[in-house]
Amino acid sequence: MPARTSKRIPVSGRLALVGLAAAIPTALMLTGVDQASATATSPASAPAPRATLRTLAAGTDLNDPYKKDMAMRLVSSAENSSLDWRAQFTYIEDIGDGRGYTAGIIGFCSGTGDMLDLVERYTEQKPDNPLAKYLPALRKVNGSDSHAGLGKPFEDAWKKAAQHKAFQDAQESERDRVYFDPAVKQAKADGLRALGQFAYYDAIVMHGPGSSKDSFGGIRKAALAKAKPPAQGGDEKTYLGAFLDARKKAMQSEEAHSDTSRVDTAQRVFLNNGNFDLKPPLKWKVYGDSYEIKE
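Moving on, we come to the pairing of strand 6 (residues 289–293). Counting buried positions along strand 6 yields 4 of 5 residues, so the element is predominantly enclosed. Inspection of the sheet shows strand 5 (residues 282–286) paired to strand 6 by 5 bridges, in the antiparallel sense. Bridging from a neighbouring strand, Leu282 pairs with Ile293 of strand 6. Between strand 5 and the antiparallel strand that follows it, strand 6, lie 2 residues; Tyr287 among them carries a positive phi value of about 55°.

Quick look at the structure:
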């Protein structure tokens, strides 16, 4: 089965897609937490509405709702050329990377199993959803780039389902179960603060969980061979530098990952600045586009 890969689409290709997305509120209504003002100078990134800021205590980890939303925006800048990650629930297309369809807030793929898992779990909760009838086709194309039994009717069904809160919740739940929660748990066990937790999360989003050399587990193993994490008495900056080195090497091993700017001009910038708590304001670049999250 193909491993997960970067979902990045050139800005010009995303502009039309943003117009198709439903107007999902950017306020964190489910958590009751005010969202910070976030802007991107990229033409594909619409500024989020201004909101009252909450005070962040030093040492807050990525499980904090505000920091978690920040992590979603950071990933979305690379995955979607936009900070508005909540506008991506309806997103779906084949980006030609051999993984079939890429869709939703975290880039669920029809060829790598996580899209199938998402639709199966959603159907257990809501059997009459628009995607349920495509489960047989999703099972058949899993592990390939095939669109057999899917096509435009499936794309339309995804967009229809994603306009409803139940499927939005399902996407967030699956993102947390497969990617966010395991990444943050492992990072905290390694003694890493918010920056390290985000570095782990971004890596598992792109490379997937697992133990192969190009998966998150393999990247972490390569880093551990070079440096000790804080939980083992090592220096946090040294270890994270080794992790980012290993991550970059894994990215360069596949053509789809050849642009390593999400490491070079984003995470490495935060590391060099010693911003282990990911405290705003944050400024970074991905694929040449500039972004900013203001305090």
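We are not done yet, so read on.
With the rule as written, the count across this model stands at 12 aromatic pairs. Considering the side-chain rings of Tyr101 and Phe154, the 5.7 Å spacing of their centres and the 50° angle between planes classify their relative orientation as tilted. Of this pair, Tyr101 sits in strand 3 (residues 101–103) while Phe154 sits in helix 5 (residues 151–161); the two residues are 53 residues apart in sequence, bridging distant segments of the chain. One exposure class covers both Tyr101 and Phe154, and it is buried.

What the 3 strands build is an open sheet, ordered 2-3-4; its pairing is antiparallel. The sheet is open, and its two borders are formed by strand 2 (92–94) and strand 4 (108–109), each paired with just one other strand. Judged from the 3 bridges that link them, strand 2 and strand 3 form a sheet pairing that is antiparallel. Bridging across to strand 3, Asp94 finds its partner in Tyr101.

Conventions used here
Residues numbered from 1 in each chain as written. Predicted model: local features only at pLDDT ≥ 70, side-chain atom pairs only at ≥ 80, totals over all residues. Heavy atoms only, no water. Buried < 20%, exposed > 50% of the residue type's maximum accessible area, 1.4 Å probe, protein only. Helix = DSSP H or I, 4+ residues; strand = E, 2+ residues; numbered from the N terminus. Pairing = 2+ DSSP bridges. Phe/Tyr/Trp six-rings, centres within 6.5 Å; stacked < 30°, edge-to-face > 60°.

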